[in-house]
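The primary structure of each chain is shown beneath.
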Amino acid sequence: MLRGFYTAASGMLAQQRRQEALSNNIANANTPGYKADSPTLRAFPELLMQQMGSKSIPTSNGGLNLPVQNPIGTLNTGVYVQELVPNYTQGDVRETGISTDMALVNGTLPDETGSLFFTVQNEDGEARYTRNGNFTVDGQGFLVTNQGYYVLDQAGNPIQTNGMDFAVTQDGFLQAGGQTTPLGIAYTEDANELAKEGNGLFSGEAGAVPAGATFTVQQGFLERSNVDSLQSMTQMMESYRMFETNQRVLKAYDESMGKAVNEIARLG
């Protein structure tokens, strides 16, 4: 009986976390470069159930008689959200006409799970990676993100533009004031190894773009979020129905427990 309580409760908690992830996806449906999170559910370790019989069999251990154990099968004790896996599929590209906006468009990548990113510097001076090319220029003439993080070049240095009047080539070179600076485009063989942080940033190991990878940088464009709002809404409704189902199961167990305590006890 108590095992049923835990199984139903774990199902409710898992669907609650799934709802939170889907709600966050919908809230970022208009965030440039946002990658939707896909919650993965996993069952708790299975238990092997065995029936304890009344028959006895002789054993070689001093002639002791032990009860027969008949295997019944396995039993799952619940489910939980194991992790949130970002979907790194390329989002649609839309034109903004703003010179500081940049869209990183994947071309041919040598690895199926590989991905390309802009390199930026967080508040702690550490390198981070993003697909959000909604950049701007700060008061000192540096190219920065909307949060004020420096956009880095290939050498890991902040990019000085001295204003909004600059051009970006399709192969990732920024031209301003008679100088050409290569943007810090980073590549990772397995994007799933990156850790998702706030403000559209990812942390982890990434390096230079390999010879077999191709890409284009489109100035005046932005990569849109890859969230499918209609699909996310459908999944939220499905998750809500599953939550309600587990809730009804929990209520049924609670009523059965109440009868066992209040009614069956009076028979004695």
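Residues numbered from 1 in each chain as written. Predicted model: local features only at pLDDT ≥ 70, side-chain atom pairs only at ≥ 80, totals over all residues. Heavy atoms only, no water.

Considering the overall build of the protein
Selection rule: A run of H or I in DSSP becomes a helix once it reaches four residues, and a run of E becomes a strand once it reaches two; helices and strands are each numbered from the N terminus. Only protein chains enter the accessibility calculation, which uses a 1.4 Å probe; a residue whose area is less than 20% of its type maximum is buried, one above 50% is exposed, and one in between is partly exposed.
Assigned secondary structure in the protein consists of 2 helices and 19 strands. Relative to its full complement of 268 residues, the protein shows a buried share of 34%.

Considerations on the pattern of salt bridges
Which entries qualify depends on this criterion: Criterion for a salt bridge: a side-chain nitrogen of Lys or Arg within 4 Å of a carboxyl oxygen of Asp or Glu.
Evaluation of the coordinates by the stated rule reveals 7 salt bridges. When the shortest N-O distance is used, the salt bridge between Glu223 and Lys35 registers 2.6 Å. Of this pair, Glu223 sits in strand β19 (residues 221-223) while Lys35 sits in the loop between α1 (2-27) and β1 (37-43); the two residues are 188 residues apart in sequence, bridging distant segments of the chain. Each member of the pair, Glu223 together with Lys35, is buried. Across the salt bridge formed by Glu244 and Arg241, the nearest N and O atoms sit 3.1 Å from each other. Residue Glu244 and its partner Arg241 are both found in helix α2 (residues 229-267); the two are separated by 3 residues, about one turn of the helix.

What about the sheet that holds strand β12 (residues 167-168)?
Cut-off, in case you're wondering: Any two strands between which DSSP finds at least two bridges are classified as paired.
The strand order across the open sheet formed by 3 strands is β12-β13-β14, and the pairing between neighbours is antiparallel. This sheet does not close on itself; its edge strands, each paired only once, are β12 and β14 (179-182). With 2 bridges joining them, β12 and strand β13 (residues 173-176) adopt antiparallel strand pairing. Each bridged residue has a counterpart across the sheet, and for Val168 the counterpart in β13 is Leu174.

Structural measurements only, silent on function.
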